[in-house]
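# Structural features, examined
Here is how the chains run, residue by residue.
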Amino acid sequence: MVETLHGDWLTQGPQIEDFEDALSAILGARHVISCSSGTAALHLAIATAEVGPGDNVIVPANTFLATANMVRMVGAEVIFADVDPVTGLMTVDHATAAMRSADGAKIKAIIPVHYAGQCAAPLALHELANTHGLSIIEDACHALGTTYEANNETYRIGGCAHSVMATFSFHPVKTIAMGEGGAVATNDERTAIRMREFRNHGMVRDPQRFTDTPGSHDDAGVPQRWYYEMHQPGFNYRPSGLHCALGRSQLTKLDRFIARRRELVDIYDQLLAPYAPIIQVPARMADCTPAWHLYAPRFDFAALGISRNALMASLFDVGIGTQVHYIPVSMQPYYRSRYGTADLPGAAAYYACSLSLPLFPAMQDADVDRVVGAIVRATGLRKT
Ligand SMILES: *Cc1c(COP(=O)(O)O)cnc(C)c1O
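A brief structural summary. (Residues numbered from 1 in each chain as written. Predicted model: local features only at pLDDT ≥ 70, side-chain atom pairs only at ≥ 80, totals over all residues. Heavy atoms only, no water.)

### A few points about the overall build of the chain
Looking only at helices and strands, the chain features 14 helices and 14 strands. For 384 residues, the compact-globule formula gives about 21 Å, and the C-alpha radius of gyration of the chain, at 22 Å, lands near that figure. Along the first, second and third principal axes, the C-alpha set of the chain runs to 85 × 55 × 45 Å. Of all 384 residues assigned to the chain, the portion counted as buried reaches 53%. Taking contacts inside the chain between residues at least 6 apart in sequence as the whole, the part at least 24 apart equals 72%. Surface summary for the chain: the accessible area is close to 17400 Å², and the carbon and sulfur share equals 52%. Of the charged side chains in the chain, 30 are positive and 38 negative; the average position of the first set lies 5 Å away from that of the second. (Helix = DSSP H or I, 4+ residues; strand = E, 2+ residues; numbered from the N terminus. Rg over C-alpha atoms; globule rule 2.2 N^0.38 Å. Buried < 20%, exposed > 50% of the residue type's maximum accessible area, 1.4 Å probe, protein only. Contact = heavy atoms within 4.5 Å. Areas by Shrake-Rupley, 256 points an atom, 1.4 Å probe, with all protein chains shown as cover. Lys, Arg positive; Asp, Glu negative; His and termini not counted. Charge placed at Lys NZ, Arg CZ, Asp CG, Glu CD.)

Structure, rendered in structure tokens:
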């Protein structure tokens, strides 16, 4: 980042391609388009998939606002799918049920969310999408570094073996940080070109793509130096060189970050196991090796005799921050007034009992002890 500050380019310089090449090599996707946030990544992906007014897109209810909001931003409608009450993940059955609820309306895409860093049925959803001619756009904001097994092979989330595109966020709470930043991965060249244009106002600079001749070329047939065209309006979703320089340096630490997150999750699991069934550690998906973004056990607050809010408050008082991921997006006033109250019992059940505990690579083993100890003290729980 310091080199970037002293260099010729604060933005639109070589740092952008350096970061994209490094991420592309890690993910195993042919193209990576970096951008200014995970939300921008979703917008780039959804707009480029030619989702628009009259289309419907399936989104799991247990996700961050942005997944559904970007569908609305291109003028399409969201069909919320339910999630598993134990894992918070959308399965192929939930996606199928959501498709049925659409009553024959045109569904253009499914946006599975790899919640907490686990895998939301990549192969099964791919097969469903193929059967029905839909696109899969993975919201992989939680899952940088996650791998899964299918057909006796190991695949990486973001390698896009079973999707058209996968989106990532590099907000500081995510696995690597750019400050604000994101990216879309794809193996489809045309999709990549269109995303690069959409990221930059829809400007077309490649003479091969110019449509307005002769204005684009001089008498000798040489492209005019100043010339550009715009075929579809876009945004300024470019990441700066400073952000990409930080992202590039963070990628060199990715393996260490992921390994440490996995160790911390194992320690949490061990320390919390004696408090089952009142506290249930996250269920692990088969054939998935998560690069954990969240550690969200489920609590039986009724049995504990303490509300989630009271538990959060007493943890906060001893310096321990916790969070709820997520309020089902379908419950938000905007979506309720647009689509009515959704009947998604899995998402409601998951929301009622989950609480995300601190998880970040700089945590010490003793910090995990301290968090579990504070929960035990606040709740008066005894080992079973
Ligand atoms: C963080 C996140 C986003 C949005 O990313 P930003 O970089 O904050 O815009 C979208 N979807 C999911 C699942 C996320 O966790």
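### Focus: the packing of aromatic side chains
Counted according to the given criterion, the structure contains 15 aromatic pairs. Aromatic side chains Phe-198 and Tyr-237 sit 6.5 Å apart centroid to centroid with 50° between the ring planes, which places their arrangement in the tilted category. Note that Phe-198 is positioned in helix α7 (residues 189-199) and Tyr-237 in the loop between β11 (229-230) and α8 (241-251), a separation of 39 residues in sequence. Among the residues examined, Tyr-237 registers a relative accessible area of 14% and is labelled buried. Through a chain of ring-to-ring contacts, the aromatic side chains of Phe-64, Tyr-115, Tyr-326 and Tyr-350 assemble into a single cluster. The side chain of Arg-308 reaches across the aromatic face of Tyr-351, ending 5.1 Å from its centre. (Phe/Tyr/Trp six-rings, centres within 6.5 Å; stacked < 30°, edge-to-face > 60°. Lys NZ or Arg CZ within 6 Å of the ring centre and 35° of its normal.)

### Details of the state of the cysteines
Summed over all chains, the structure comprises one disulfide. Each disulfide pairs two cysteine sulfurs, and for Cys-119 the partner residue is Cys-288, the sulfurs being separated by 2.2 Å. One quick way to see it: the torsion about the S-S bond of Cys-119 and Cys-288 is about 75°, and its sign makes the bridge right-handed. With Cys-119 in the loop between β4 (107-110) and α6 (122-132) and Cys-288 in strand β13 (residues 288-289), this pair connects stretches of sequence that are 169 residues apart. We classify Cys-119 as buried; its relative accessible area is 4%. Just so you know, Cys-244 is unpaired, no disulfide at all, and the nearest cysteine sulfur is the one on Cys-35, 9.4 Å from it. Taking relative accessible area as the criterion, Cys-244 reaches 0% and is therefore assigned buried. The closest cysteine sulfur to the non-disulfide-bonded Cys-353 is located on Cys-288, 20 Å from its own sulfur. Judged by relative accessible area, Cys-353 falls into the buried class, the value being 13%. (Disulfide = S-S within 2.5 Å.)

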